[in-house]
Amino acid sequence: MKTMKIWIHVFAMLAAFSLTSCSSNPEWADPEAHEKTELLREQFSKYIVDTWHIESIKDKGRYYECLTFNEDGTLKGMRKWQSRELVTIEGKKQYTDWQDVDGENGTFTGTWKLLWYREAEGAPGANRLMLTADFDEERNWVSPVAYGLNARFINVDKTTLSIGGGIVHNGDDGSTIYTRGEAEPSF
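Q: Which residues make up the packing of aromatic side chains, and what values do they have?
A: The full count for this structure, using the stated rule, is five aromatic pairs. Arranged with centres 5.9 Å apart and planes meeting at 90°, the rings of F108 and F135 form a pair that is edge-to-face. Remark: F135 occurs in strand β8 (residues 125–135) and F108 occurs in strand β7 (residues 106–118); sequence separation between them is 27 residues. The two residues F108 and F135 agree in class, both being buried. What links up through ring pairs into an aromatic cluster is the set F108, F135 and Y147. Here the guanidinium or amino end of R84 rests over the ring plane of Y95, the centre of that ring lying 4.1 Å away. Seen from the ring of F135, R139 lies directly overhead, with NZ or CZ sitting 3.8 Å from the centre.

In structure tokens form, the structure reads like this:
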């Protein structure tokens, strides 16, 4: 009798599962976020797909990055990052030679996606650009991660891609602004 009850229970669970899994209309946990994400992707993805670069040179650091956003959501990039120090030698201030920033140089591959993100229920949401990428070559003691960024997506147009976040903040509002097109680092 106990075996019969188990089989009836298993049959009932399989029947319920088969009925619920046949729906062709998925139910989203946050329908508003899904709808806004789809609209965001429809409006801006075609403009992001391209190659973008940024270069920043300051007294103690210089940074170059090139990102290629592909239509299939993959990302390829290259980063060159160097720093130097201001030291005093025999009473004179001078800069040391440029040195690569450990673990931050090289090519990388990963993914990108646009989405509308709600931080908390009831809080206003924001457009986001998510980048995840690992360096292509093996790393000795440093992390293989080149990107794990969930940046605020500001805008994209014919010449610039603007995000709130990133390594270089070259916009007047503290944003990061990339320029469309390929370019080689000047250093």
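Q: Please give an account of the nonpolar core that cites residues and values.
A: F69, L131, Y147 and F153 are the most contacted members of the largest nonpolar core, which totals 26 residues. Of all the elements in the fold, those that place two or more residues in this core are α2 (31–48), β1 (50–57), β2 (61–69), β7, β8, β9 (145–156) and β10 (160–164). The element that contributes the greatest number of residues to this core is β9, accounting for six residues. With residues near it in sequence (within four places) discarded, L131 still touches L67, F69, L75, T111, W112, Y147, G148 and L149.

Q: An account of the pattern of salt bridges is requested, with residue identities and associated values reported.
A: Per the counting criterion, the structure on display carries six salt bridges. The shortest N-O distance in the salt bridge between R180 and D50 comes to 2.8 Å. Of this pair, R180 sits in strand β11 (residues 176–180) while D50 sits in strand β1, and the two are 130 residues apart along the sequence. A salt bridge links R79 to E65, with the nearest nitrogen and oxygen atoms 3.2 Å apart. Of the two residues, R79 is situated in strand β3 (residues 74–83) and E65 in strand β2; the sequence distance between them amounts to 14 residues. Like E65, R79 is buried. The network of salt bridges with common partners includes E32, K36 and R118.

Q: Go over the side chain of R128 with me, naming the residues and quoting the values.
A: Mapped onto the secondary structure, R128 falls in strand β8. Of note is the side chain of R128, whose polar atom sits 2.7 Å from the backbone oxygen of N150. Residues within four places of R128 in sequence aside, it is in contact with L40, K113, L114, L115, Y117, N150, A151, R152 and F153.

Q: Which residues make up the side chain of Q82, and what values do they have?
A: Considering the arrangement of structural elements, one finds Q82 in strand β3. For Q82, a relative accessible area of 10% gives the class buried. Reaching out from Q82, the side chain makes a polar contact with the side chain of R62 at a distance of 2.7 Å. Only 3.0 Å separates the side chain of Q82 from the side chain of D100, close enough to count as a polar contact. Excluding its chain neighbours within four sequence positions, the residues that come into contact with Q82 are K60, G61, R62, W98, Q99, D100, V101 and F187.

Q: With reference to specific residues and values, describe the pairing of β8.
A: Pairing of β7 with β8, which is carried by 11 bridges, proceeds in the antiparallel orientation. Directly across from R118, in β8, lies its bridge partner G125. Taking the residues between adjacent antiparallel strands as the criterion, β7 and β8 are bridged by six residues, where G122 takes a positive phi near 85°. Looking at chain direction, β8 and β9 are connected through seven bridges and run antiparallel. From the neighbouring strand, T132 faces β9, where its bridge partner is G148.

About the criteria used
Residues numbered from 1 in each chain as written. Predicted model: local features only at pLDDT ≥ 70, side-chain atom pairs only at ≥ 80, totals over all residues. Heavy atoms only, no water. Phe/Tyr/Trp six-rings, centres within 6.5 Å; stacked < 30°, edge-to-face > 60°. Helix = DSSP H or I, 4+ residues; strand = E, 2+ residues; numbered from the N terminus. Buried < 20%, exposed > 50% of the residue type's maximum accessible area, 1.4 Å probe, protein only. Lys NZ or Arg CZ within 6 Å of the ring centre and 35° of its normal. Core = buried A, V, L, I, M, F, W, Y, C linked by side-chain atoms within 4.5 Å. Contact = heavy atoms within 4.5 Å. Salt bridge = Lys/Arg side-chain N within 4 Å of Asp/Glu carboxyl O. Polar contact = N/O pair within 3.5 Å; in protein donor to acceptor, adjacent residues only side chain to side chain. Pairing = 2+ DSSP bridges.

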